[in-house]
Amino acid sequence: FIPPSAVALADEFGCEVRTGVSIATAEGGMNPDAAVVRGEDLVAILIYESRGNGIPYFQVEAFVERANKTKLDRFQNLILYVVVVSAADVETDGTIRARLDLLSTAASFEIQIRIYRLNPLRMKYGL
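Residues numbered from 1 in each chain as written. Predicted model: local features only at pLDDT ≥ 70, side-chain atom pairs only at ≥ 80, totals over all residues. Heavy atoms only, no water.

Engineer: I would appreciate a short explanation of the packing of helix H1 (residues 4–13) against helix H4 (residues 118–125) in the present structure.
Structural biologist: The relative placement of two packed helices is expressed as an angle between their axes plus a distance between the axes. For the pair H1 and H4, the least separation of the axes is 10 Å and the interaxial angle reads 65°. Of the two elements, H1 crosses H4, and the hand of that crossing is left-handed. The segment H1 lies against H4, with Pro-4, Ser-5, Val-7, Ala-8 and Asp-11 engaging Leu-121, Lys-124 and Tyr-125. Partitioned by chemical class, the residues of the contact of H1 with H4 number 5 nonpolar, 1 polar and 2 charged. (Axes fitted to C-alpha atoms, helices over the stretch in contact; angles between N-to-C directions. Helix = DSSP H or I, 4+ residues; strand = E, 2+ residues; numbered from the N terminus. Left-handed = near helix turned anticlockwise from the far one by under 90°. Contact = heavy atoms within 4.5 Å. Nonpolar A, V, L, I, M, F, W, Y, C, P; charged D, E, K, R; others polar.)

Here it is in structure tokens:
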């Protein structure tokens, strides 16, 4: 099963998005939900669903904290995409984005935030 958000990101990146990946590091590794290699950069992707209760922000915080301390052997830069597939109220999406924007200030690397609405995503990709 490929999450609809991974299909949308593959469309955005123009290449396959690999799910279930493990990134080896000297510090023990990281396990994002998906990843893409773009040249010398590694794009790690965390994927969450929101049904109105927000997302587990502590997981994003933990990933950022670990990534801040990690040296990637084969890549020059890390870019983190935090992807939320939302079936919640649009107002909730704004709250999630604001909280993620705040969390991104603690990162020593680039963080991109994507919030997709579930039904339009399903319709666009026939999922």
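Still more ground to cover, so stick around.
Engineer: Got a minute to help me understand the environment of Leu-121 in this structure?
Structural biologist: Mapped onto the elements, Leu-121 comes out in helix H4. Look at Leu-121 and you get buried, because its relative accessible area is 5%. Along the backbone, Leu-121 and Lys-71 are 50 residues apart, and their C-alpha atoms lie at a distance of 35 Å. In contact with Leu-121, other than residues within four places in its own chain, are Pro-4, Ser-5, Ala-8, Val-85 and Tyr-116. (Buried < 20%, exposed > 50% of the residue type's maximum accessible area, 1.4 Å probe, protein only.)

By themselves these figures say nothing about function.
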